[in-house]
Amino acid sequence: DFVLGVAVAELASSSYSSSNARRSSRLADAALLVVGLACFATPNPSLDYRTGFEPLFNHALAPFLAAFLFFSSATGPPAFASRILAHPALDALGRCSFQVYLFQWPLHATFQLIHLETSPPFGENFVAFALTLWLLAALYETFLERPFVAHLKRRFGDDPRDPSPRAATAAARGTDASLQPPDAGHPPATHLV
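Residues numbered from 1 in each chain as written. Predicted model: local features only at pLDDT ≥ 70, side-chain atom pairs only at ≥ 80, totals over all residues. Heavy atoms only, no water.

Participant: Even after reading the chapter, I still don't get the packing of aromatic side chains, so can you show me in this structure?
Facilitator: Aromatic ring pairs are defined here through the distance separating the ring centres and the angle between the ring planes. A complete count under the given rule lists five aromatic pairs for this structure. Ring geometry for Phe70 and Phe71: centres 5.3 Å apart, planes at 70°, overall edge-to-face. Residue Phe71 is classed as partly exposed on the basis of its relative accessible area of 21%. Each member of the aromatic cluster is reached from another via a ring pair, and the members are Phe111, Phe126 and Phe129. (Phe/Tyr/Trp six-rings, centres within 6.5 Å; stacked < 30°, edge-to-face > 60°. Buried < 20%, exposed > 50% of the residue type's maximum accessible area, 1.4 Å probe, protein only.)

Written as structure tokens, this is what we have:
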């Protein structure tokens, strides 16, 4: 799966341009439809947690997800699924998804510590857990991570809007500002003691 993802990302990043962009959009939609139907229409006769075939099931869907990503990257009109997935609400959830991944275990452990079970039949506890998890992730991403990353980009010259002398020196030399030593392009500092 990893190698497939790397290969598709490399192919897609080489600005794939299809001669028939509409066909690429339809192929992207079809690939995602296959994944959706497989996830929602696969029978589970025991009505219990699926066991035994998950690895095969998950890995069998990887080529379809790769096809969706590849054909969605074609220049031209975006696929219908791509337009839906690009909705600002889903984009906001996507920006917080890594934080959700990081915070889920500590928050779940906290819920268990205060005796709030989140597994069935305790649906209301699970809803409280999910809402708290996403709220914490959004707050962290908005008020801590995003400003900190912006600060780092300004500090180390990776921000194209950076007006610092270091970024200007790097741009004039045609080099990357993040590779310059901190005092590149600055006159020697004089310290008052």
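Next, the rest of the story.
Participant: What should I look at first to understand the pattern of salt bridges in this one?
Facilitator: Pairing between side chains of opposite charge can happen when their charged atoms approach one another. Summed over all chains, the structure comprises two salt bridges. Residues Asp91 and Arg95 are paired through a salt bridge, measuring 2.7 Å at the closest nitrogen-oxygen approach. Residue Asp91 and its partner Arg95 are both found in helix 5 (residues 88-113); the two are separated by four residues, about one turn of the helix. Accessibility expressed as a relative area gives 40% for Asp91, which makes it partly exposed. Residue Arg95 is classed as partly exposed on the basis of its relative accessible area, which comes to 39%. We note a salt bridge from Glu141 to Arg146, for which the minimum N-O separation is 2.7 Å. (Salt bridge = Lys/Arg side-chain N within 4 Å of Asp/Glu carboxyl O. Helix = DSSP H or I, 4+ residues; strand = E, 2+ residues; numbered from the N terminus.)

Participant: Mind showing me how you'd approach the nonpolar core here?
Facilitator: In a soluble, globular protein the nonpolar side chains are often hidden away together inside. Ranked by size, the top nonpolar core spans seven residues in total: Cys96, Val100, Leu107, Phe111, Phe129, Leu133 and Ala137. Elements supplying a minimum of two residues to this core: helix 5 and helix 6 (123-156). Examining the composition of this core, we find that four residues originate from one element, helix 5, more than from any other. In this structure Leu107 touches Phe129, Thr132, Leu133 and Leu136, once residues within four positions along its chain are discounted. Counting five residues, the second largest nonpolar core, distinct from the first, contains Ala28, Phe68, Ala79 and Ala81. (Core = buried A, V, L, I, M, F, W, Y, C linked by side-chain atoms within 4.5 Å. Contact = heavy atoms within 4.5 Å.)

Participant: Where do I start with the packing of helix 5 against helix 6 in this structure?
Facilitator: The description of two packed helices rests on the angle between their axes and on the distance between the axes. Here helix 5 crosses helix 6 at 125°, and the two axes come no closer than 8 Å. One way to sum up the angle between helix 5 and helix 6 is to call them oblique. Relative to helix 6, helix 5 is oriented so that their crossing is right-handed. Residues belonging to the contact of helix 5 with helix 6 are distributed by class as follows: 14 nonpolar, six polar and four charged. (Axes fitted to C-alpha atoms, helices over the stretch in contact; angles between N-to-C directions. Parallel < 35°, antiparallel > 145°, perpendicular 65-115°, else oblique. Left-handed = near helix turned anticlockwise from the far one by under 90°. Nonpolar A, V, L, I, M, F, W, Y, C, P; charged D, E, K, R; others polar.)

Participant: Which parts of the structure should I look at to understand the side chain of Ser25?
Facilitator: With respect to the helices, strands and loops of the structure, Ser25 is situated in helix 2 (residues 21-41). Once residues within four sequence positions are removed from consideration, Ser25 is found in contact with Pro77, Pro78 and Ala79.

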